Amino acid sequence: MEANEFKRTLLPLHPLLYRIALRITGNREDAEDLVQETYVRLWRQRDRLGKADNAEGYAVTTLRHVCYDALSSRPPDVMVRQLDPAIRDTLPADDNVADMDRREEAEIVMEIIGSLPSPQREVVTMRDVEDRPFDEIAQSTGLKEGYVRVTLFRARQQIRELFKRRTHERE
C-alpha cells in the first residue's frame, strides 16, 4: 500500500479509532496516544494491509491489540486513577469490600475476554465493551450479521462458564 492510498483509506478512520480507544482506556490523552501508535503499526504493516479485504476492520483490530497491550502493562488501580475525572468520580471508594470484589470480578471478566478465540474476543469487545451495532461489527470483521450474533451468544456463554469456574476456584 502506497502512502497516498494509506492516507486516503486509513486517515478518515481517526474519529472511529479515537472513540474506540477512548471507550477502552477512559482517558483522552491515552486514547490519542494509542491511536497514533496504531497508525505507526499500520504503516509498518502496509504491505500486508494492501492484501486485507477490510481495511477498517484491520485498523480496528490493530487498535484493540495496541490498547489491550498498553492496558495489560499497567496495574488496574493505576488505570482507575488515570480515568477522566467525570468517570473517576462515579467510582466507589476503595475501602468498601463489595466494591473491591466487583473490581476483582471485572478484572476476571476482562481476562476471560482476552483469552477467548479471536472471532469471539473481537465480537464481544465490539458489542459489549465498545457498544457497536451488529451491522457495524459485521462490516468491521467481515462476518455476516447472523454469524456475529451467534458468535456473541457463544462467547457470552463461554464467559459465564469460565467466570463460574474461576470464582468457585477462589472459594
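Everything that follows concerns the structure shown earlier in this document.
Residue numbering note: each chain is counted from 1, following its sequence as written. Only residues with pLDDT of 70 or above have their local features reported here, since the model is predicted, and side-chain atom pairs are shown and tallied only from 80 upward, although totals for entire chains, interfaces and linings are computed over all residues. Side-chain figures throughout are based on the complete set of non-hydrogen atoms in the structure, without hydrogens or water.

Caption draft 1: Region of interest: helix α2 (residues 14-25). A helix here means a DSSP run of H or I that spans at least four residues, while a strand means a run of E at least two residues long, and both kinds are numbered starting from the N terminus. Helices are assigned an expected span. That span is 1.5 Å times one less than the residue count. Compared with an ideal rise of 1.5 Å per residue, which puts 12 residues at 16 Å, α2 spans 16 Å between its outermost C-alpha atoms and is within 8% of the ideal. Note on exposure labels: buried denotes an accessible area under 20% of the residue type's maximum, exposed denotes more than 50%, and partly exposed covers the range between, all computed with a 1.4 Å probe on protein chains only. Three or more residues of α2 are buried, namely Leu-16, Leu-17, Ile-20, Ala-21, Ile-24 and Thr-25. What you see down the axis of α2 is that its buried residues fit within an arc of 150 degrees, all on one side. Of the residues trailing α2, Gly-26 is marked for its positive phi of about 75 degrees. Comment: arc refers to directions from the helix axis out to C-beta atoms.

Caption draft 2: Highlighting the packing of α2 against helix α3 (residues 28-44). To get an axis, a line is fitted to the C-alpha atoms, and for a helix only the part in contact is used. The angle between two axes follows their N-to-C directions and goes from 0 to 180 degrees. Packing of α2 against α3 leaves a shortest axis separation of 8 Å and a crossing angle of 130 degrees. As the angle between them shows, α2 and α3 are arranged oblique. As for the relative orientation of α2 and α3, their crossing is right-handed in sense. Together, His-14, Leu-17, Tyr-18, Ala-21, Leu-22 and Thr-25 of α2 and Arg-28, Asp-30, Ala-31, Glu-32, Leu-34, Val-35, Gln-36 and Tyr-39 of α3 make up the contact between the two elements. Throughout, the ten residues Ala, Val, Leu, Ile, Met, Phe, Trp, Tyr, Cys and Pro are labelled nonpolar, Asp, Glu, Lys and Arg are labelled charged, and all others, Gly among them, are labelled polar. Of the residues belonging to the contact of α2 with α3, the class tally is eight nonpolar, three polar and three charged. For this classification, under 35 degrees means roughly parallel, over 145 means roughly antiparallel, 65 to 115 means roughly perpendicular, and everything else is oblique. Helix crossings are classified by the rotation of the near helix relative to the far one: an anticlockwise turn of less than a right angle makes the crossing left-handed, while a clockwise turn makes it right-handed. Contacts are assigned to residue pairs with any non-hydrogen atoms lying within 4.5 Å of each other.

Caption draft 3: Highlighting the packing of helix α1 (residues 3-10) against α3. At a minimum axis distance of 12 Å, the contact between α1 and α3 shows a crossing angle of 140 degrees. In this view, α1 runs oblique relative to α3, as classed from their interaxial angle. In terms of crossing hand, the pair formed by α1 and α3 is right-handed. Facing α1, whose interface residues are Ala-3, Phe-6 and Leu-10, α3 presents Tyr-39, Leu-42 and Trp-43.

Caption draft 4: How the structure looks around the environment of Lys-7. Structurally, Lys-7 is set in helix α1. The exposure class of Lys-7 is partly exposed, given its relative accessible area of 48%. Remark: the alpha-carbon pair of Lys-7 and Trp-43, spanning 36 residues in sequence, is separated by 10.0 Å.

Caption draft 5: Focus on the pattern of salt bridges. Each reported salt bridge corresponds to a side-chain nitrogen of Lys or Arg within 4 Å of a carboxyl oxygen of Asp or Glu. Counted under the stated rule, the structure contains eight salt bridges. With a closest N to O distance of 3.7 Å, Glu-37 and Arg-41 form a salt bridge. One end of the pair is Glu-37 and the other is Arg-41, both in helix α3 and four residues apart, which spans about a single turn. Residue classification places Glu-37 among the partly exposed positions, given a relative accessible area of 32%. Each of the salt bridges in this network shares a partner with another, and the network as a whole consists of Glu-56, Arg-132 and Glu-136.

These values are about where atoms sit, not about what they do.
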